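A structural walkthrough
Okay, here's what each chain looks like letter by letter:
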Amino acid sequence: MSVLGGARWSREVRAASLAPLALAAGVIHLSAAVEHRTESGMVAGALLALSVVQIGVGWALSRRPTAALVIASGVGSLAVVAAWAASRTVTVPFVEGTPEAIGLPDLVATGLGVALAAGAVAVVRRPSSGRYLPLIWGLAAGLVAMSLAGTPIRYPEHAVAHAEHGGAHLALHVGAIVGASAAFACVLAREIVAGRLLIGLAIRER
Amino acid sequence: MQTSTSRWSIARTYALIFGVAYLGVALTEVVLGSSGLKLGGTTILEVTPVQNAIHWLVGVVVLGSFFAGDVAARNVARVIGIVFVLVTLLGVVARDLTGDLLGFDGPLPWSYNIVHAATAVFALIAGFAVTRVYGERAATA
């Protein structure tokens, strides 16, 4: 078995590791609720409720990751993804302004939702393998990094330079390398926790 | 053979993950970068020749070291780590100069310093980490 896929993780540990995906999606939806508060109270309220649920699910996954909760979070994430797809493609009854344009933050939140659903399936179907864990962490971190790097408003003091000098244009680079870093950090953590890796200088090793 | 339970060393794992990431970025730049790549209305990719060349170089060397074996992967990780530490320091203390060197029309964006620092830190860990399994030294090639 390889370093990437060989370590054995308990179902509880891997289920709890899905928590950051739900928490990150909740934070993004909370930000979206704030942005929509002046445009549509109903949409803002729905986004706020969604963010509360996602943050609550993330907290619950980190504290008590039962199989039922994992399955529910996966199914719920897919439902949110479906609702987002509908809001971007068709006119949704009682919701003004639909279909909306696709934005980077909502793409990221959708990616997190898909990752959470995929992770839930992995946890339920493969109770003793952590093969996909680094990929899930890498995907989540990469998407969030890409969203941050591609949004100049997050860096108000450098907003002009960021936009003019290609900061947003680097978002894919940043997302890819931060994602790779997260995946590698996941592997490192797994090896250290499993007692297979000690970090120390090895200059004179050979 | 690395250990009885692991086929790849940490250095080769680093080489695989980061080599694929850098080559993926370089290839995407070539395929889509000439006209830019938009996602959700935001341009998230626009190629510059210097950066593209660097991405190809880093990707080929790092991924090549994965196929070359543990010793090569470890040595390449050490070199990459040291080089990227220097680039990160340069990007912090001389942003304008680093931006010019990398083909930017202005100072180097901070997000790129983060990318350089992450690459350096994990390369140094991969290059200088010692793997032991149940007390036995196992990271030597």
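Keep in mind it's a predicted model, so treat the numbers as computed, not measured.

1. Quick look at the nonpolar core
- Core analysis: the largest hydrophobic core is formed by 41 residues, its most contacted members being A:Phe184, B:Ile10, B:Tyr14, B:Phe18, B:Tyr22, B:Val62 and B:Ile80.
- Put simply, the parts of the chain that give this core at least two residues each are α8 (171–193) of chain A together with α1 (10–32), α2 (49–68), α3 (70–93) and α5 (110–128) of chain B.
- Sorting elements by how many residues they give to this core places α1(B) first, with 10 residues.
- Aside from chain neighbours lying at most four places away, what touches B:Ile80 is B:Tyr14, B:Val58, B:Val62, B:Thr119 and B:Ala123.
- Formed by 25 residues, the second largest nonpolar core is a distinct cluster that contains A:Leu69, A:Ala109, A:Leu112 and A:Ala115.

2. Quick word on the packing of α1(B) against α2(B)
Residues and elements named next belong to chain B.
- Orientation of α1 relative to α2, taken along the N-to-C sense of each, is 150°, at an axis distance of 7 Å. With respect to α2, the axis of α1 lies roughly antiparallel. For the crossing formed where α1 meets α2, the hand is left-handed.
- When the residues that make up the contact of α1 with α2 are grouped by side-chain class, the tally is 17 nonpolar, 5 polar and 2 charged.

3. Here we look at the packing of aromatic side chains
- Summed over all chains, the structure comprises 7 aromatic pairs over all chains.
- A ring pair is formed by B:Phe66 and B:Phe67, whose centres lie 5.0 Å apart and whose planes are at 75°; its orientation type is edge-to-face.
- A residue is classified by how much of its surface remains accessible, and B:Phe67, at 62% relative accessible area, is exposed.
- Members of the aromatic cluster, joined through ring pairs, are A:Phe184, B:Tyr14, B:Phe18 and B:Phe122.
- In this structure, B:Arg12 is placed above the aromatic ring of B:Phe66, and the distance from its NZ or CZ to the ring centre is 4.6 Å.

4. Quick look at the pattern of salt bridges
- Enumeration over the complete set of coordinates arrives at 2 salt bridges over all chains.
- Notably, a salt bridge pairs A:Asp106 with A:Arg88, separated by 3.1 Å at the nearest N-O pair. Pair noted here: A:Asp106 is in helix α5 (residues 104–125) and A:Arg88 is in helix α4 (residues 67–89), with a separation of 18 residues, a long-range link. The pair formed by A:Asp106 and A:Arg88 is uniform in burial state, with each residue classed as buried.
- B:Asp70 is the salt-bridge partner of B:Arg12, the closest N and O atoms lying 3.9 Å from each other. Placement of B:Arg12 in helix α1 and of B:Asp70 in helix α3 is noted, with a sequence separation of 58 residues between them.
- We classify B:Arg12 as buried; its relative accessible area is 17%.

5. Things to note about a nonpolar patch on the surface
All names here are of chain A.
- On the surface, a cluster of nonpolar side chains totalling about 460 Å² of accessible area is made up of Leu23, Val27, Leu30, Leu48, Val52 and Ile55.
- Of all the secondary structure elements, the ones that give two or more residues to the nonpolar patch are α2 (19–36) and α3 (41–63).
- Examined against the element boundaries, Leu23 turns out to sit in helix α2.

6. A short note on α4(A)
- The first and last C-alpha atoms of α4(A) sit 33 Å apart over 23 residues, in line with the 33 Å expected at 1.5 Å per residue.
- Among the residues of α4(A), those classed as buried are A:Leu69, A:Val70, A:Ser73, A:Gly74, A:Ser77, A:Val81, A:Trp84, A:Ser87 and A:Arg88.

7. Description of the packing of α2(A) against α3(A)
Residue and element names in this part refer to chain A.
- It is the contact of α2 with α3, at a shortest axis distance of 7 Å, that shows an interaxial angle of 160°. Considering the angle they form, α2 stands roughly antiparallel to α3. α3 is crossed by α2, and the crossing has left-handed handedness.
- Residues that form the contact of α2 with α3 fall into these classes: 17 nonpolar, 7 polar and no charged.

What counts as what
- Residues numbered from 1 in each chain as written.
- Chains lettered and ligands numbered in written order.
- Predicted model: local features only at pLDDT ≥ 70, side-chain atom pairs only at ≥ 80, totals over all residues.
- Heavy atoms only, no water.
- Core = buried A, V, L, I, M, F, W, Y, C linked by side-chain atoms within 4.5 Å.
- Buried < 20%, exposed > 50% of the residue type's maximum accessible area, 1.4 Å probe, protein only.
- Helix = DSSP H or I, 4+ residues; strand = E, 2+ residues; numbered from the N terminus.
- Contact = heavy atoms within 4.5 Å.
- Axes fitted to C-alpha atoms, helices over the stretch in contact; angles between N-to-C directions.
- Parallel < 35°, antiparallel > 145°, perpendicular 65-115°, else oblique.
- Left-handed = near helix turned anticlockwise from the far one by under 90°.
- Nonpolar A, V, L, I, M, F, W, Y, C, P; charged D, E, K, R; others polar.
- Phe/Tyr/Trp six-rings, centres within 6.5 Å; stacked < 30°, edge-to-face > 60°.
- Lys NZ or Arg CZ within 6 Å of the ring centre and 35° of its normal.
- Salt bridge = Lys/Arg side-chain N within 4 Å of Asp/Glu carboxyl O.
- Patch = residues over 30% accessible without salt bridge, like charges linked within 9 Å, V, L, I, M, F, W, Y side chains within 5 Å.
- Areas by Shrake-Rupley, 256 points an atom, 1.4 Å probe, with all protein chains shown as cover.
- Expected span 1.5 Å × (residues − 1).

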